[in-house]
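Spelled out from the first residue to the last, the chains are:
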Amino acid sequence: MAPVALLAIMHGSLLSHVPQEEYVAQSILLTGLVGVLLCLFWVLRLGSIAQKLSHSVIEGFIQAAAILTALSQIKYLIGVSIPKGVTLVDVLLPIAKVIPQAQLHSIIISVVCMGVLLLRYVKTGPPYPLIAVAVGSVMVFGGMPAEAIGALDRVLPELAVPHIDMEHVSSVFSASLLIALVSYVESFAL
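Structural notes, computed from the coordinates. (Residues numbered from 1 in each chain as written. Predicted model: local features only at pLDDT ≥ 70, side-chain atom pairs only at ≥ 80, totals over all residues. Heavy atoms only, no water.)

**Description of the overall build of the protein chain**
Thinking step 1. Secondary structure summary: the protein chain contains 9 helices and 0 strands in total.
Thinking step 2. Put simply, the protein chain runs from its N terminus to its C terminus through helices and strands in the order α-α-α-α-α-α-α-α-α.
Thinking step 3. When contacts within the protein chain are restricted to residue pairs at least 6 apart in sequence, those whose partners lie at least 24 apart make up 73%.
Thinking step 4. Accessible surface, the protein chain: about 12,700 Å² in total, of which carbon and sulfur atoms supply 71%. (Helix = DSSP H or I, 4+ residues; strand = E, 2+ residues; numbered from the N terminus. Contact = heavy atoms within 4.5 Å. Areas by Shrake-Rupley, 256 points an atom, 1.4 Å probe, with all protein chains shown as cover.)

**Quick look at the packing of aromatic side chains**
Thinking step 1. As enumerated under the stated definition, the model contains 0 aromatic pairs in all.
Thinking step 2. One cation-aromatic arrangement involves Arg-45 over Trp-42; the distance from NZ or CZ to the ring centre is 5.2 Å. (Phe/Tyr/Trp six-rings, centres within 6.5 Å; stacked < 30°, edge-to-face > 60°. Lys NZ or Arg CZ within 6 Å of the ring centre and 35° of its normal.)

**Describing the nonpolar core**
Thinking step 1. With 18 residues, the main nonpolar core has Leu-30 and Val-172 as its most contacted residues.
Thinking step 2. Those elements that provide at least two residues to this core are α1 (6-14), α2 (20-43) and α9 (166-189).
Thinking step 3. Sort the elements by how many residues they give to this core and α9 lands first, with 7 residues.
Thinking step 4. Setting aside its immediate chain neighbours within four residues, Val-172 contacts Leu-15, Gln-26, Leu-29, Leu-30 and Leu-33. (Core = buried A, V, L, I, M, F, W, Y, C linked by side-chain atoms within 4.5 Å. Buried < 20%, exposed > 50% of the residue type's maximum accessible area, 1.4 Å probe, protein only.)

**Things to note about a nonpolar patch on the surface**
Thinking step 1. There is a patch of nonpolar side chains on the surface, built from Leu-40, Trp-42, Val-43 and Leu-44 and spanning about 430 Å² of accessible area.
Thinking step 2. Note that Leu-44 resides in the loop between α2 and α3 (47-51). (Patch = residues over 30% accessible without salt bridge, like charges linked within 9 Å, V, L, I, M, F, W, Y side chains within 5 Å. Salt bridge = Lys/Arg side-chain N within 4 Å of Asp/Glu carboxyl O.)

Spelled out as structure tokens, the structure:
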């Protein structure tokens, strides 16, 4: 519902090269390193650096994050599978190729749910995101197919302490530094 989904997109794209069997362990390691770096930024009082960014840079960052977040969700709106992309071009080219395969049912569900979300500009107060989820659920359970979303195989991964070695730490350190920096700047931007 907001541009803060950028961090999740970055996390997924920066770990896209990791084999499936190591993904959860690498993800935990990446998240832990980001937390350690954010604590280090706080101790070193690096917020003053982020406050020196101009308003136009922060505004551009927020707008770009919102655009990339919205474009990453188009596959659900039109009901087709689109490969993951990191840049705007990587996201837009596959979308242009699959538009003719768009599923009408998925578009109808998406448009109705977006209409519910836009009602907040007419009248504030009700929990429109929750209402949109309920309306979409009623449409799907009422018989409207939504194949694009698919079924969840597992809800939670198995709980285990991941094996961490210096090779893994060095492989995700640069990604964790990038995510920590973006997160730190984003907290000031928002």
